[in-house]
2 protein chains.
Amino acid sequence: MKQLAKIFKALSDTNRLRIMRMLDKRSLCVCEIREILQLATSTVSAHLSILKEADLIVDDKDNKWVNYSLNTNSKNPTVKKILALVLHEGKSDQDFQEDLEKIITVDRTNICGS
Amino acid sequence: MKQLAKIFKALSDTNRLRIMRMLDKRSLCVCEIREILQLATSTVSAHLSILKEADLIVDDKDNKWVNYSLNTNSKNPTVKKILALVLHEGKSDQDFQEDLEKIITVDRTNICGS
DNA sequence: ATTACATTTCGTTAGTTGTCGAAATGAAAG
DNA sequence: CTTTCATTTCGACAACTAACGAAATGTAAT
């Protein structure tokens, strides 16, 4: 598939849009995202894989966790523009604001493996 | 579905991206698009319906034809930004340039109903 | 080395999507 | 009012997707 279509497909799912906006707040590991979205770990992992494949996020191994974050340094100028658009749009969405509240309290050492 | 996810889903298909870029050249009817994309008429109609539902294009009845064009006057500022992004990206894509060549020669009075 | 544990991969399932051809719709012309 | 013809809707089908739990992977600490 063409890269632009791939980017749009990656962002065509509400859960993946929620992930993008959560990552704008801070880096998160798989189980933190699982906790907030209330999905199976394997499902979250699959979503992250799709976003990564579209060059929208990057991962960074840290101890036993994998931290995912937005690919703000992408060489692809289109990615930068779309990132700005998606994140700006999130500011006026009440549902996403609720996710952001949860990010503040969520703690990977408590919730992972529960 | 949320409006932004709907817009991204509409643009996640290569044929629909091609349609968007063709419409940037000029308004087209269903059978002109069918001729260029080499798809069934009903398939093209379905694609146009999805783009219209996402507020990306508008239709305008003219005699026995329905002219489709880009919704450049959308009240949704996100639509305007995405339109600019999609069309700009198309300029550096050889495949889309070939579609544009065909638009110049295609004539609805010849090809429709053939 | 073995255990513990976060993550990924695999196999499955229900639901969605892109595609087609045939039938229905609707509007203009005869 | 019947025909014509561009378009839409319908019904079918193959391919793809999001979701899950279970099994595999990999890494850090015991």
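Structural notes, computed from the coordinates. (Residues numbered from 1 in each chain as written. Chains lettered and ligands numbered in written order. Predicted model: local features only at pLDDT ≥ 70, side-chain atom pairs only at ≥ 80, totals over all residues. Heavy atoms only, no water.)

## Quick word on the pairing of strand S1 (residues 57-62) of chain A
All names here are of chain A. Rule in force here: Strands are labelled as partners when DSSP assigns at least two bridges between them. Secondary structure follows DSSP: runs of H or I at least 4 residues long count as helices, runs of E at least 2 residues long count as strands, and numbering of each begins at the N terminus.
As paired elements, S1 and strand S2 (residues 65-70) share six bridges and run antiparallel to each other. Bridge pairing in S2 places lysine 61 opposite valine 66. Hairpin connection from S1 to S2: two residues lie between these consecutive antiparallel strands, with asparagine 63 at a positive phi of about 60°.

## Examining the relation of the copies chain A and chain B
Cut-off, in case you're wondering: We superpose the copies by least squares over the C-alpha atoms of residues that have a pLDDT of at least 70 in both of them. Only heavy atoms enter the contact rule, under which two residues are in contact if any of them lie within 4.5 Å.
Rotating chain A by 180° and translating it 0.0 Å along the rotation axis places it on chain B, where the RMSD comes to 0.0 Å. The symmetry that links the two subunits is that of a two-fold axis. When each C-alpha of chain A is compared by its distance to the rotation axis, phenylalanine 8 of chain A comes out closest, at 2.4 Å. When the interface residues of chain A are mapped onto chain B, 100% of them again fall at the interface, so both copies present the same face.

## Side note on the protein's contact with DNA strand C
For the record, the criterion: Distances are taken per atom, and a residue is near a molecule or strand as soon as one of its heavy atoms is within 4 Å of it. Side-chain atoms alone can form a polar contact between residues adjacent in sequence; in general such a contact is a pair of N or O atoms within 3.5 Å, and within protein one must be able to donate a hydrogen while the other accepts it. Just so you know the grouping, Ala, Val, Leu, Ile, Met, Phe, Trp, Tyr, Cys and Pro go in nonpolar, Asp, Glu, Lys and Arg go in charged, and all remaining residues, Gly too, go in polar.
Ser45 and Tyr68 of chain A together with Ala40, Thr43 and His47 of chain B are the nearest of the 23 residues found near DNA strand C. When the atoms of DNA strand C within 4 Å of the protein are grouped by moiety, sugar and phosphate amount to 77% of the total. A distance of 2.9 Å separates a phosphate oxygen of DNA strand C from a polar atom in the side chain of asparagine 15 of chain B. Between DNA strand C and the protein, one listed contact pairs a phosphate oxygen with a side-chain N or O atom of arginine 16 of chain B at 2.8 Å. Of all the elements in the fold, those that place two or more residues in the surface near DNA strand C are helix H3 (30-37), helix H4 (41-53) and S2 of chain A together with helix H2 (14-25) and helix H4 (41-53) of chain B. It is H4 of chain B that contributes the most residues to the surface near DNA strand C, four residues altogether. Its residues assigned to classes, the surface near DNA strand C comprises ten nonpolar, nine polar and four charged.

## A few points about the protein's contact with DNA strand D
Lining the immediate surroundings of DNA strand D are 23 residues, of which Arg16, Thr43 and His47 of chain A together with Ser45 and Tyr68 of chain B lie closest. For DNA strand D, the fraction of atoms within 4 Å of the protein that belong to sugar or phosphate moieties is 77%. Serine 45 of chain B places a side-chain nitrogen or oxygen 2.7 Å from a phosphate oxygen of DNA strand D. One of the side-chain N or O atoms of tyrosine 68 of chain B is found 2.5 Å from a phosphate oxygen in DNA strand D. Residue assignment for the surface near DNA strand D shows that the elements contributing at least two residues are helix H2 (14-25) and H4 of chain A together with helix H3 (30-37), H4 and strand S2 (65-70) of chain B. Per element, the largest residue contribution to the surface near DNA strand D is four residues, and it comes from H4 of chain A.

## Here's the deal with the interface of chain A and chain B
Let me state the cut-off plainly: Here the buried area means the combined drop in accessible surface, using a 1.4 Å probe, for two parts upon being joined, counting both sides. Counted as salt bridges are all cases of a side-chain nitrogen of Lys or Arg within 4 Å of a carboxyl oxygen of Asp or Glu.
The partner chain B presents 20 residues to the 20 residues of chain A that form the contact. Around 1,800 Å² of area is buried between chain A and chain B when both sides are counted, 66% of it from carbon and sulfur atoms. It is Lys2, Phe8 and Leu85 of chain A in chain A that bury the most area against chain B; as a group they hold 34% of the surface buried on that side. Counting every contact that joins chain A to chain B gives four salt bridges. Between aspartate 95 of chain A and lysine 2 of chain B there is a salt bridge, and its shortest N-O distance comes to 3.0 Å. Of all the secondary structure elements, the ones that give two or more residues to the side of chain A that touches chain B are helix H1 (3-10), H2 and helix H5 (77-90) of chain A. With seven residues, H5 of chain A is the single largest residue contributor to the side of chain A that touches chain B. Within the side of chain A that touches chain B, the residues separate by chemical class into nine nonpolar, four polar and seven charged.

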